[in-house]
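Structural description and commentary
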Amino acid sequence: MGLISVALLGVILLAVPGTPIHKKPTLGLDLQGGLEVVLKAKPDKGQPFGKSDLSRSVEIMRQRVDAIGVSEPEIRTQGSDQIVIELPGVHNQERAAELIGKTAKLELYDLQGDLVPQASLDVQGFPIAQTSLFQLLSTQQAAAKKGTPRQVYLIRNITQGKQVAHKLVVGPVSTRAELFSSNYVKTAQKRGHLKKDELPKDTQVLSVPENNVVITCGKAERYCPGVPNAPDRTYYYLFKYDPQNTLHNKLPIPEMTGSDLKLKGTRQDFDTTTNEPIVLMQFTNSGGKKFHDITRLLAERGRIVHNRIGGADESAFQQFAIVLDREIRSAPTISYKDNPDGIPGNSGAQITGIGSINEAKDLALVLQTGALPVNYVTIERTDISATLGKDSLQQAKKAAIGGLLVVALFLLLFYRFLGLVAVIGLGIYVAFLYAAVLLFGVTLTLPGFAGLILTIGVAADANVVIFERIKEEVRAGKSVRAGISAGYSKGFHTIIDANVVTAITALVLFLVATAGVKGFALMLLIGTAISLITAVAATRAMLGLLAGFRWFDNPRFMGAAGQQRGRWMQIDFMRRRYVWFAISGVVVVVAVVSLGVRGLNFGIDFKGGTQVTFNTPTPQLVDSVRSDAQQIDSSFNKAIIQGRGPQSGGGYKSFQIRTRSLSPALSTTLRSGIESKFQATHYGSKNVSESFGRQIARSAILAIIFSLLLIVLYLAIRFDLKYAIPVIGALIHDIVITVGVYSLTGREVSTATVAAVLTVLGYSIYDTIIIFDRIRENVPLMRRASFASITNLSLWETIRRSLATTFITLLPVASLLFFGGATLKDFAFALLIGITSGAYSSIFIAAPLLTILKEREPEYATKIGLDHEGLDEEPGPDGGSPARRRPRSPIGGPAVSTGTMTLEASKKAAAAQPAPGLLDGLTPDPAPSGSAKSKRERRRQRRRAKPHGRR
């Protein structure tokens, strides 16, 4: 049967990777460079928004991405109102970000007819272009108080000598309440110690009157209404806005929208007279009729204006403003002389005055795909250059290979021939994992690589648990074949319990984490599942096959000869329980005090802001980088600029800049300036809004709480509620210590840190389950023993296994720490602290807590204090108080000693003894009591005997 199983596994192993052999793993943008954007829906006030709108938005964005030509993009929803877009390998990241996030809300206004008189239209009917938003709205505040405004702005008043300048700092937002949640107001409230509902004193709120809207025209355009020359700044206009036609008897305002366009008929073209790029728009049947009616109205009004004011014919021409996302893109005139009856809509219309062919193509693209149902704002954006992605990939490969090699070496040195079997099983695991990545089309990201490397430890842990159990069974007197069968039978449930808890934390992490961390959680889930298959099926099949050979039926061949010995066999863990609690208490107090005093160094993932990293070919001074950044924009004088890595001549080759959230334009300017000044490479930037940071923080807290609840539920079902309570205590202990170390060291807390903490929950409980499973197994075998004795014996039996699984998990983590990049090193540091703390808490926190809880039960309460009863006392040298206690024989025979009997036999002795106590693990002296040799042997054994249990 074993031969058939091995052959079957071999066939599967050869066949599975062969099916997708033509494929290569799909790499995420952090490994090949690219752009990641997280967009959040922001409907207008009163605008409905549901799942259908989100699905429609995804489809529109997918069409735009396909038109750009990005290979293997990933677009998915996140939550109820967010869309995550990953574009690996895209080169023009700025253009891609602008296209996919553009609402493309097309509106066509009767310019002169829809401009608000006095504010944006003079008495002669000519447009007024305001250079200041404050000038435009300051005269409209009385009207704004009469209704419910659709747009609200926050203006900062800046005193410059005797003059006061006005700067827009927040807006437009839909309501006044949104102002208080803005990053600018919150920062100002912290600095000025203001109340939550109090705005800074140097600011004022300007509202747009109901049924009005502010529309801009930027300096990037060739023409703005009311501006005689090419625009050199942004201009502001106030338009009427009545799309439902509730206040006007003629037409809705705007008169036409993107719904009146034929999307397939809209395209980029060239003007036949000027050869300049244009965008041709084709209307639907109803849209064409609307266009004809409106242009006829404009032509008639143009004739009336000319008759009234005279002058040149062009001065009376009326205009049709083409507005995209509340920006005027073109304002063609309607000539009453050339088109006295208007322009028929069957020939369409054109947008002129476009700067370049690429701009015309992009404009045509967003019009072809249609407008997004609602507006979207960017709450997170990550730009990674191709060089940085390639470098990260090489580092991840080194960490993976290093982790695999050190784990294989440990298995060979520690388990000899069994280790060779485990290494072969590990090779099968790696092959299956790679095949799963190809078959399921898993996108490998940097956190995903971390999960892949960590699962190497998971796969090795399962083999360690089984092998230690096999060796234990063989030491108990079973044959190698029987030991293998019993080892797999008894160890299987332990592996299942431990891996289910790991899978629970990985699943919770996958459900609530952000896009990058999902890759880690997915790889951890896949790796955990495959490790069960390889540990239970592959290695068992190989061992079952080998057990049929006579040369293999030798305990020495697998390192199971003799008895398990070690100094831990003499440690009374339960008697010293309060010592362990005191040590942990001191560490926890230090961690809590540090958290209260120093706090945590939260990264931009939680606080929001922009983080830029780049390398330079030669070392640069930090002051030089800071000076050049300030020349790009004065706001960088408050930025945190740090050199990273080794120092050379007072300078660094790697830098990190952390500052407030930058606009897309300023981010592009900063990158261009750094690359041109320092020939920077490996450029990467991440921009996170404060609201998204708060969302990540809430998700992290919920994930930890939800994981704890699921773990408690699972353990309560599989074990007992009293087994779950110590586990929670140990997990909280590990979390506090891990977070406390971050506080003490000042390391940055990021989403990778949260992923590591959640992973620690699974790994911390791994060793605890191994111990608890053995305690549960020993309870019916040691009915007359105290629970402290049962726990001590269980710890003696499993401590070697616990330490081995911990160490073998730390090996790939150490590989991450030494060979991984900055992200992987931060992740590995948290794992290193958490897993080490978890190993300690399993032995010194969880097991003693369980003992305290169980000793309160009537069954074990009566056995407390009986651990040292039934002991013969030897008088001291002066015949006074006893100098030594020696154990009494369980059946009234000669004295007994510790450490000379198999643990399996000790359980049988404990089950048969008439009284509980120290008799667990004790065996009668085999030598006759009358011989001189036996007396010397008994004295030697009495000197080594150390009682255990509570006094």
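Residues numbered from 1 in each chain as written. Predicted model: local features only at pLDDT ≥ 70, side-chain atom pairs only at ≥ 80, totals over all residues. Heavy atoms only, no water.

Across its full length, the protein carries 27 helices and 29 strands. Residues counted as buried form 51% of the 951 residues belonging to the protein. Element-wise, carbon and sulfur atoms account for 58% of the exposed surface of the protein, whose accessible area totals about 42,300 Å². (Helix = DSSP H or I, 4+ residues; strand = E, 2+ residues; numbered from the N terminus. Buried < 20%, exposed > 50% of the residue type's maximum accessible area, 1.4 Å probe, protein only. Areas by Shrake-Rupley, 256 points an atom, 1.4 Å probe, with all protein chains shown as cover.)

The final tally for this structure, using the stated rule, is 14 aromatic pairs. Centre to centre, the rings of Phe-291 and Phe-320 are 5.7 Å apart; their planes meet at 55°, and the pair counts as tilted. Of this pair, Phe-291 sits in helix 10 (residues 285-309) while Phe-320 sits in strand 14 (residues 318-324); the two residues are 29 residues apart in sequence, bridging distant segments of the chain. With a relative accessible area of 4%, Phe-291 lands in the buried category. In this structure an aromatic cluster arises from ring pairing among Phe-573, Trp-580, Tyr-840 and Phe-844. In this structure, Arg-326 is placed above the aromatic ring of Tyr-241, and the distance from its NZ or CZ to the ring centre is 5.1 Å. Directly above the ring of Phe-829 sits Arg-747, whose terminal nitrogen or CZ lies 4.1 Å from the centroid. (Phe/Tyr/Trp six-rings, centres within 6.5 Å; stacked < 30°, edge-to-face > 60°. Lys NZ or Arg CZ within 6 Å of the ring centre and 35° of its normal.)

Another aspect to go through is unusual backbone geometry. In the segment running from Gly-171 into Pro-172, the intervening peptide bond is cis, with an omega of 5°. The residue Pro-172 is located in strand 7 (residues 163-173) in this model. Omega for the bond connecting Ile-253 with Pro-254 falls within 30 degrees of zero, at 5°, which places this linkage in the cis form. Tracing the sequence through the fold places Pro-254 in the loop between strand 10 (235-240) and strand 11 (256-257). In the Ramachandran plot, Ala-104 falls in the positive-phi region, its phi being about 60° despite a non-glycine side chain. Structurally, Ala-104 is set in the loop between helix 4 (93-101) and strand 5 (106-110). Look at Ala-104 and you get buried, because its relative accessible area is 3%. One non-glycine residue, Gln-679, lies in positive phi territory at about 50°.

Next up on the list: the packing of helix 12 (residues 386-439) against helix 13 (residues 446-475). The N-to-C vectors of helix 12 and helix 13 enclose an angle of 5°; their axes lie 8 Å apart at closest approach. Viewed along their axes, helix 12 and helix 13 adopt a mutual orientation that is roughly parallel. Of the residues assigned to the contact of helix 12 with helix 13, the class counts are 23 nonpolar, four polar and three charged. (Axes fitted to C-alpha atoms, helices over the stretch in contact; angles between N-to-C directions. Parallel < 35°, antiparallel > 145°, perpendicular 65-115°, else oblique. Nonpolar A, V, L, I, M, F, W, Y, C, P; charged D, E, K, R; others polar.)

Any segment with low pLDDT has predicted coordinates that should not be analysed in fine detail. Looking at the protein as a whole, its pLDDT mean stands at 77, while 84% of the residues score no less than 70. In this model residues 909-933 is a low-confidence stretch, pLDDT under 50, and it forms 59 contacts with partners more than four residues away in sequence or in other chains. (pLDDT = per-residue confidence, 0-100. Contact = heavy atoms within 4.5 Å.)

Time to look at the pattern of salt bridges. Close approach of charged atoms lets side chains of opposite charge pair. A complete count under the given rule lists 28 salt bridges for this structure. Note that Lys-686 and Glu-380 form a salt bridge whose closest N and O atoms lie 3.5 Å from each other. Note that Lys-686 is positioned in strand 24 (residues 681-688) and Glu-380 in strand 18 (residues 375-384), a separation of 306 residues in sequence. Here Lys-686 falls in the partly exposed class, since its relative accessible area comes to 22%. With relative accessibility at 7%, the residue Glu-380 sits in the buried group. Between Arg-658 and Glu-748 there is a salt bridge, with its nearest N and O atoms 3.3 Å apart. Of this pair, Arg-658 sits in strand 23 (residues 652-659) while Glu-748 sits in strand 25 (residues 748-749), and the two are 90 residues apart along the sequence. Both residues of the pair, Arg-658 and Glu-748, count as buried. What emerges from the salt-bridge pattern is a single network uniting Lys-289, Asp-293, Arg-296 and Asp-341. (Salt bridge = Lys/Arg side-chain N within 4 Å of Asp/Glu carboxyl O.)

In the structure shown here, the tally under the stated rule is one disulfide. What pairs with Cys-217 in a disulfide is Cys-224, and their sulfur atoms sit 2.0 Å apart. Between Cys-217 and Cys-224, the disulfide has an S-S torsion of -90° and is therefore left-handed. Classification of Cys-217 by relative accessible area gives buried; the value is 0%. (Disulfide = S-S within 2.5 Å.)

What follows is about the nonpolar core. By size, the foremost hydrophobic cluster in this structure holds 135 residues, and its most contacted members are Leu-411, Leu-543, Phe-573, Leu-715, Phe-772 and Phe-827. With 18 residues, helix 12 is the largest single contributor of residues to this core. Excluding residues within four positions of it along the chain, Phe-772 makes contact with Phe-719, Tyr-723, Pro-726, Val-727, Ala-846, Ala-847 and Leu-850. Leu-106, Met-281, Phe-291 and Ile-354 belong to the second largest nonpolar core, which has 30 residues in total. (Core = buried A, V, L, I, M, F, W, Y, C linked by side-chain atoms within 4.5 Å.)

Paired through their backbone hydrogen bonds, the strands of a sheet run either parallel or antiparallel. As summarised here, the arrangement of the three strands in space is 12-13-17, forming an open sheet in which the pairing is antiparallel. For this open sheet the edge positions go to strand 12 (261-270) and strand 17 (349-351), each flanked by a neighbour on one side alone. The average angle at which neighbouring strand axes cross in this sheet is 30°, direction not considered. As defined by bridge partners, strand 13 (residues 277-283) adjoins strand 17 across three bridges and the pair is classed as antiparallel. (Pairing = 2+ DSSP bridges.)

As a further point, take the pairing of strand 13. Regular strands have side chains that alternate between both faces of the sheet. For strand 13, the tally of buried residues reaches six of seven residues, placing the bulk of the element in the interior. Here six bridges tie strand 12 to strand 13, and the two strands are oriented antiparallel to one another. Bridged to Arg-267 within strand 13 is Leu-280. Here strand 12 folds back onto strand 13 in antiparallel fashion, the turn holding six residues, of which Asn-275 has a positive phi close to 65°.

On to helix 11 (residues 357-369), then. Helix length check: helix 11 (13 residues) gives 18 Å between terminal C-alpha atoms against 18 Å at 1.5 Å per residue, within 8%. Buried within helix 11 are the following residues: Ala-360, Asp-362, Leu-363, Ala-364, Leu-365, Val-366, Leu-367 and Thr-369. Immediately downstream of helix 11, the backbone of Gly-370 shows phi near 90°, a positive value. (Expected span 1.5 Å × (residues − 1).)

A turn of α-helix holds 3.6 residues, and therefore any two residues three or four places apart point the same way. Along its 25 residues, helix 10 runs 36 Å from first to last C-alpha, staying within 8% of the 36 Å computed at 1.5 Å per residue. Those residues of helix 10 not exposed but buried are Gly-287, Gly-288, Phe-291, His-292, Ile-294, Thr-295, Leu-298, Ala-299, Gly-302, Val-305 and His-306. Close packing links the buried residues of helix 10 with strand 5, strand 11, strand 13, strand 14, strand 16 (333-334) and strand 17. Among the residues trailing helix 10, Gly-310 stands out with phi positive, at a value near 70°.

Where burial is concerned, most of strand 14 is hidden: seven out of the seven residues are buried. Side chains Gln-318, Phe-320, Ile-322 and Leu-324 project from strand 14 onto one buried face, and the interleaved Gln-319, Ala-321 and Val-323 project onto a second face that is buried too. For strand 5 and strand 14, the ladder comprises five bridges, and the chain directions are antiparallel. Among the inter-strand pairings, Leu-106 is bridged to a residue of strand 14, identified as Leu-324. Bridge count between strand 14 and strand 16: two bridges; the pairing is antiparallel. Directly across from Gln-319, in strand 16, lies its bridge partner Thr-333.

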